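Examination of the molecular architecture
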Amino acid sequence: LFSAVEMAPRDPILGLNEAFNADTRTTKVNLGVGVYFTDEGRIPLLRAVQEAEKARLAAATPRGYLPIDGLAAYNTAVQALLFGSNADLLASKRVVTTQALGGTGALKVGADYLKRLLPDAKVAISNPSWENHRALFESSGFPVETYAYYDAESHGVNIAGMLDSLRALPPRSIIVLHACCHNPTGVDLSVEQWQQVLAVLAEREHVPFLDIAYQGFADSIDEDATAVRLFAASGLPFFVASSFSKSFSLYGERVGALSIVTGSADEAARVLSQVKRVIRTNYSNPPTHGAAVVSAVLNSAELRALWEQELGEMRERIRLMRTTLVEQLAVAGVEGDFSFVNRQRGMFSYSGLNAAQVERLKSEYGIYAVSTGRICVAALNSRNVAVVANAIAQVLR
Ligand code: LMR
């Protein structure tokens, strides 16, 4: 049965963890996967999470099945975070939100549902995009293309190219967009650019699918939801995959959500019934713990304030690591201008290093990064940042 099975390639991001874990060098640094580490090099367990977990443990709640679409209080809290608690479209019950297995799970449920709704559609992702976007939509049966996005020369967005690509796609294509903290480039659209994109999406009747995995890592919870709220105000139907992996540091609990903005409460009820079928035939219903914890935090004024403070601390530490990296690169003798690193948003820096340089970082210095040159700034700390800067200086020579 298995004699002809070929070895699949390692995952371009999670595969780095496997290689990193197998590396015996004590000086190794993992800048591959998008995970936030403290300055001590640990994945934090947030105090707000600890408080909610203590209360949950004390209440000794039974572990029955959740509904197919997840915990209702969690889904409502997700909607308020994304769309704003006073959003018209929430009052008019036009939004369907289902708990999902992280942002990836939300994308997958959304993609499988879209395949039923628009079986002949094309999907377009940004060039470049998160490595898993292509694989995920292809695995749901869609052909996947790219639209122009990053402009390497200016370290900014090629907005004219992006609008041209969106116009060139067949009507009703599915357009995957990063709502904030673009992964991997860290380069986001301005409000004005989002408006331009929205106009083309409306004109071509494209179906936007926003991916928001880093809400709170650029400016603030509300500011980072700007794109989601502009889409909400546009009246277009759209999909949103959201995640608390990073913002709650709950990576392994797989806490995310799929939200679908429809035209009416009646449409929303019918769409929900279909999405529930997709979920039921995949994993039946979601796990309880992570969503219960997030829901407890978001629904308590005190814990929510604590969480926002902790999220703010993570955001500030990442900013500090950006400025420190830029300084240390100069100290290490790098002549090029790396100030663009300070302008990039979220966990990543699209460093401009090529695949050969990334390979040298790994083999010669035990520093792991994604082959596209993406490095996770959130894994730098006051002890390893100079080491990393020196290694980068060496491979740039
Ligand atoms: C990343 O891009 O590193 C994260 O989103 C983790 C993942 O699942 O790839």
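Thresholds, definitions, all that
- Residues numbered from 1 in each chain as written.
- Predicted model: local features only at pLDDT ≥ 70, side-chain atom pairs only at ≥ 80, totals over all residues.
- Helix = DSSP H or I, 4+ residues; strand = E, 2+ residues; numbered from the N terminus.
- Rg over C-alpha atoms; globule rule 2.2 N^0.38 Å.
- Contact = placed C-beta atoms within 7 Å.
- Domains from an automatic or database assignment.
- Nonpolar A, V, L, I, M, F, W, Y, C, P; charged D, E, K, R; others polar.
- UniProt positions renumbered as here; feature names shortened; annotations may be inferred.
- Near = placed C-beta within 6 Å.
- pLDDT = per-residue confidence, 0-100.
- Buried ≥ 20, exposed ≤ 12 C-beta atoms within 10 Å, placed from the backbone.
- Pairing = 2+ DSSP bridges.
- Axes fitted to C-alpha atoms, helices over the stretch in contact; angles between N-to-C directions.
- Parallel < 35°, antiparallel > 145°, perpendicular 65-115°, else oblique.
- Right-handed = clockwise from strand over helix to strand, strands pointing away.
- Arc of directions from axis to C-beta.
- Core = buried A, V, L, I, M, F, W, Y, C linked by C-beta atoms within 7 Å.

Within the protein chain one finds 15 helices and 13 strands. In summary, the protein chain has a C-alpha radius of gyration of 21 Å against a globular reference of 21 Å for 397 residues, a match within 12%. Its C-alpha atoms give the protein chain principal-axis dimensions of about 60 × 55 × 55 Å. In the protein chain, of all internal contacts separated by at least 6 residues, the share reaching a separation of at least 24 is 75%.

Note on placement: glycine 141 falls in the loop between α6 (131-139) and β4 (144-148). Counting along the chain gives 19 residues from glycine 141 to lysine 122, while the straight-line C-alpha distance between them is 9.8 Å.

When the parts of a complex come together, some accessible area is lost, and that lost area is often used as the size of the interface. With domains assigned, the protein chain is organised as domain 1 (14-45 + 315-396) and domain 2 (65-299). The interface is formed by 19 residues belonging to domain 1 together with 17 residues belonging to domain 2. Of all the elements in the fold, those that place two or more residues in the side of domain 1 that touches domain 2 are α12 (301-331) and β11 (348-350). A per-element tally of the side of domain 1 that touches domain 2 places β11 first, with three residues. When the residues that make up the side of domain 1 that touches domain 2 are grouped by side-chain class, the tally is 11 nonpolar, five polar and three charged.

Before going further, it helps to examine the UniProt feature "domain: Aminotransferase class I/classII large" (unreviewed entry) in the protein chain. When the UniProt feature table is mapped onto this chain, "domain: Aminotransferase class I/classII large" (unreviewed entry) is found at residues 27-392. The distance separating the terminal C-alpha atoms of residues 27-392 is 15 Å; by composition the span is 45% helix and 15% strand.

Further remarks concern the site of the ligand. Taken together, Ile13, Val33, Gly34, Trp130, Asn132, Asn183 and Ala213 are the residues near the ligand. In terms of residue class, the shell around the ligand is made up of four nonpolar, three polar and no charged.

Before going further, it helps to examine the confidence of the model for the protein chain. When pLDDT drops low, the exact placement of atoms in the prediction is not to be read closely. Confidence in the prediction of the protein chain, expressed as mean pLDDT, is 97, and 100% of residues score 70 or more. Interface confidence for the predicted complex, given as ipTM, is 0.94, next to a pTM of 0.96.

Burial analysis of strand β2 (residues 95-101) places seven of its seven residues in the buried class, the great majority of the element. Relative to strand β10 (residues 255-261), β2 runs antiparallel, the two being bridged by seven bridges. Paired with leucine 101 across the two strands is valine 255, which belongs to β10.

This brings us to the packing of helix α2 (residues 47-59) against α12. Close contact between α2 and α12 brings their axes to 8 Å; oriented N to C, the two are set at 150°. It follows from the interaxial angle that α2 and α12 lie roughly antiparallel. Packed against α2, whose contacting residues are Arg47, Ala48, Glu51 and Ala52, the element α12 presents Leu303, Leu306, Trp307 and Glu310 at the interface. For the contact of α2 with α12, the per-class residue count stands at five nonpolar, no polar and three charged.

With that settled, the discussion passes to the pairing of strand β3 (residues 123-127). Of all five residues in β3, four are buried, a share of seventy percent or more. At this point the chain moves from β3, through α6, to the parallel β4, and the crossover so formed is right-handed.

Once that is clear, we can look at the sheet that holds β4. The strand order across the open sheet formed by seven strands is β2-β10-β9-β8-β7-β3-β4, and the pairing between neighbours is mixed. The strands lining the two open edges of the sheet, one partner per strand, are β2 and β4. Strand-to-strand twist of the sheet, defined as the mean angle between neighbouring strand axes without regard to direction, takes the value 25°. Sheet analysis places β3 next to β4, joined by five bridges and oriented parallel. Note that in β4 the partner of isoleucine 125 across the bridge is threonine 146. Relative to the sheet, helix α9 (residues 226-234) contacts β8 (207-212), β9 (238-243) and β10, its axis offset from that of β8 by approximately 155°.

Right, let's get into α6. Listed as buried for α6 are His133, Leu136 and Phe137. The buried side chains of α6 occupy one side of the element, clustering within an arc of 90° when seen end-on. Turned more than 90 degrees from where α6 packs its buried face, Ala135 and Ser139 sit exposed. Of the surrounding secondary structure, the elements contacted by the buried residues of α6 are α5 (102-117), β3, β4 and β7 (174-178). One or two positions beyond α6, positive phi appears at glycine 141, with a value near 100°.

Take the environment of tyrosine 113 next. Checked against the element boundaries, tyrosine 113 lands in helix α5. Expressed as a C-alpha distance, the spacing of tyrosine 113 and arginine 254, which sit 141 residues apart in the sequence, is 20 Å. With near-sequence residues (within four places) excluded, tyrosine 113 lies in contact with Gln274, Val275 and Val278.

Of all hydrophobic cores here, the largest spans 117 residues; its most connected members are Ile175, Leu210, Val228, Val294, Val297, Met347 and Val377. The dominant element in this core, judged by the number of residues it contributes, is α12, at eight residues.

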